[in-house]
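What the coordinates show
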Amino acid sequence: MRYLIVSLLLVAPHVAFAANEVPALKEVFGAKFLVGAAIEPAQLRNPTDAALLKRHFSSLTAENVMKPHRLAPREGEYNFAPADELVRFARANGMRLRGHTLLWHRNAPAWFFVGDREQVRKRLERYITDVVTHFKGEVYAWDVVNEVASDNAGELYRQTPWFLALGPDYIEYAFRAARAADPDTQLFINEYDTEEADKRERFMTIVRDLRKKGVPLDGVGHQVHTRIGASAAGVDRALREVAELGLTNHVTELDVSLYHDPGSCWENETGCQRDYGSAVPPALLSQQALLYRQLFAVFEKHPTLKSVSTWGISDAHTWLSRFPTKRTNVPLLFDQAGAPKAAFHAVVDPAFAIP
Ligand code: G3I
């Protein structure tokens, strides 16, 4: 009842509510899926972020500190301390922890690739064994491999140092090493643009091939880095195709950008859409709220979807303010001050009239 009144008031512009006066995301969706956020350890010491995490989120992902170049900048020398901070916070607050990521071409230190094929394979298996063993019992789901599908038509696998050293079998080696190190953690393949038909076809071919080979794969992570103007239908389709294979779905890196840039902006920072600066048009925030509402409506339809994480907590910290170019972007459910945005109200309350 109280929230109904709040919703009605919110139809009027400029009426703001604090994050502790609205329903908690993890309670609204808790019967269906965990609600997570990607974080850096320093955010745990920021009172606004820590309060948002405790009240609204039931799962954590390390935005960067569990990537190979951070955990093992040099062969055999591990730096687990920053990630262990996340482990302690998750434990103390009854939250689950997703592991991100055991293998990604962007953060693969050069030491992995010295020597012949057999040496590279051994290093990969050693690294995965050590890391999964360290987090055993704490990380309940691992993104074992990240972004292995190609973006190019007619090419299945991304041409990465891993692919060039070991061929497509590197994916299988990674999964088998992770399963051997921890039989109880869930093993995911994580990918972006699974909502786009072309990319999804290549990606799902890889997934089906892994299944055929009996590779221990439990689920698919859909990053869902999307933008206003996109449709939720592709996400629906992606979740359905994975469910049909009997696998679990996670949405792992959700955000809704204000901008729609050409490929050149991502490749060499040319042709990027102009920065809105501090004057983000309110109509864009309404469109963003609508897409978030449509996405969560899709999420709720899929019983195989067990976790939905946003790539950040609030607009105060988001990779999109630096990528593909330095620019104001406000892609999350909470604003820069940590207050719930129209997008938040749109997802938690079907009666909320988006302004
Ligand atoms: O920590 C250094 C800092 O010391 C230095 O002064 C500064 C100068 O640029 O860089 C800092 O490191 C940056 C790091 O983020 C932490 O802020 C790196 O340059 C930057 O490349 C790194 O970007 C991360 C990116 O992955 C690449 O690892 C983003 O934070 C992170 O959000 C992003 O996350 C990825 C997912 O893992 C996979 N899916 C796509 C997603 C978005 O790109």
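Above this text you will find the structure in question.
To start, this report covers the structure provided alongside it. (Residues numbered from 1 in each chain as written. Predicted model: local features only at pLDDT ≥ 70, side-chain atom pairs only at ≥ 80, totals over all residues. Heavy atoms only, no water.)

In terms of nonpolar packing, the biggest core is built from 102 residues, with Leu25, Leu53, Phe135, Trp142, Ile189 and Phe299 touching the most fellow members. Once you skip the residues sitting within four places of it in the chain, Trp142 turns out to touch Met66, Gly99, His100, Leu102, Val131, Val132, Phe135, Thr185, Gln186, Leu187 and Phe188. (Core = buried A, V, L, I, M, F, W, Y, C linked by side-chain atoms within 4.5 Å. Buried < 20%, exposed > 50% of the residue type's maximum accessible area, 1.4 Å probe, protein only. Contact = heavy atoms within 4.5 Å.)

A word on the site of the ligand. Taken together, 16 residues sit near the ligand, with Glu63, Lys67, His100, Glu253 and Trp311 positioned nearest. Here an oxygen atom of the ligand and a side-chain polar atom of Glu63 are 2.5 Å apart. In this structure, an oxygen atom belonging to the ligand sits 2.7 Å away from a side-chain N or O atom of His100. Protein chains shield 57% of the accessible area of the ligand, which is 790 Å² for the free molecule. The residue makeup of the shell around the ligand, split by class, is four nonpolar, six polar and six charged. (Near = heavy atom within 4 Å. Polar contact = N/O pair within 3.5 Å; in protein donor to acceptor, adjacent residues only side chain to side chain. Areas by Shrake-Rupley, 256 points an atom, 1.4 Å probe, with all protein chains shown as cover. Nonpolar A, V, L, I, M, F, W, Y, C, P; charged D, E, K, R; others polar.)

With respect to the element layout, Thr252 can be found in strand E8 (residues 248-257). Judged by its relative accessible area of 2%, Thr252 falls in the buried class. At 2.8 Å, the side chain of Thr252 forms a polar contact with the side chain of Asn190. Setting aside residues up to four positions removed in sequence, Thr252 forms contacts with Arg98, Asp143, Asn190, Gly221, His222, Gln223, Ser309 and Trp311. (Helix = DSSP H or I, 4+ residues; strand = E, 2+ residues; numbered from the N terminus.)

This part is about the state of the cysteines. Counted under the stated rule, the structure contains one disulfide. Two residues share a disulfide in this structure: Cys265 and Cys272, whose sulfurs sit 2.0 Å from each other. Sign of the S-S torsion, about 100° for the bond between Cys265 and Cys272, identifies this disulfide as right-handed. Under the relative-accessibility criterion, Cys265 is labelled buried at 1%. (Disulfide = S-S within 2.5 Å.)

A separate point is the pairing of strand E2 (residues 59-62). Walk down a regular strand and you will see the side chains alternate between the two sheet faces. Neither face of E2 is exposed, since Ser59 and Thr61 on one face and Leu60 and Ala62 on the opposite face are all buried. Bridge analysis of strand E1 (residues 34-39) against E2 gives four bridges, and the strand direction is parallel. By the bridge assignment, Ala38 is partnered in E2 with Thr61. Handedness of the E1-helix H3 (residues 47-56)-E2 crossover: right-handed. Pairing geometry for E2 and strand E3 (residues 96-104), over three bridges, is parallel. Following the sheet pairing, Leu60 is matched in E3 by Leu97. (Pairing = 2+ DSSP bridges. Right-handed = clockwise from strand over helix to strand, strands pointing away.)

Moving on: the environment of Ala62. Within the element layout of this structure, Ala62 appears in strand E2. Ala62 gets classed as buried once you look at its relative accessible area, which sits at 0%. With near-sequence residues (within four places) excluded, Ala62 lies in contact with Ile39, Leu86, Arg98, His100 and Trp311.

Aromatic rings in a pair are described by how distant their centres are and how their planes are angled relative to each other. Applying the stated rule across the entire model yields 20 aromatic pairs. For the ring pair Phe29 and Phe33, a centre distance of 5.3 Å and an interplane angle of 10° mean the geometry is stacked. One exposure class covers both Phe29 and Phe33, and it is buried. Between Trp319 and Phe323, the ring centres sit 5.9 Å apart and the planes meet at 35°, which makes this aromatic pair tilted. Taking the relative accessible area as the measure of exposure, Trp319 reaches 17% and is therefore buried. Judged by relative accessible area, Phe323 falls into the partly exposed class, the value being 41%. Aromatic rings pair up to connect Tyr78, Phe80, Trp111, Phe112, Phe113, Tyr127, Phe135, Trp142 and Trp162 into one cluster. (Phe/Tyr/Trp six-rings, centres within 6.5 Å; stacked < 30°, edge-to-face > 60°.)

Any functional reading would require information beyond the geometric quantities listed.
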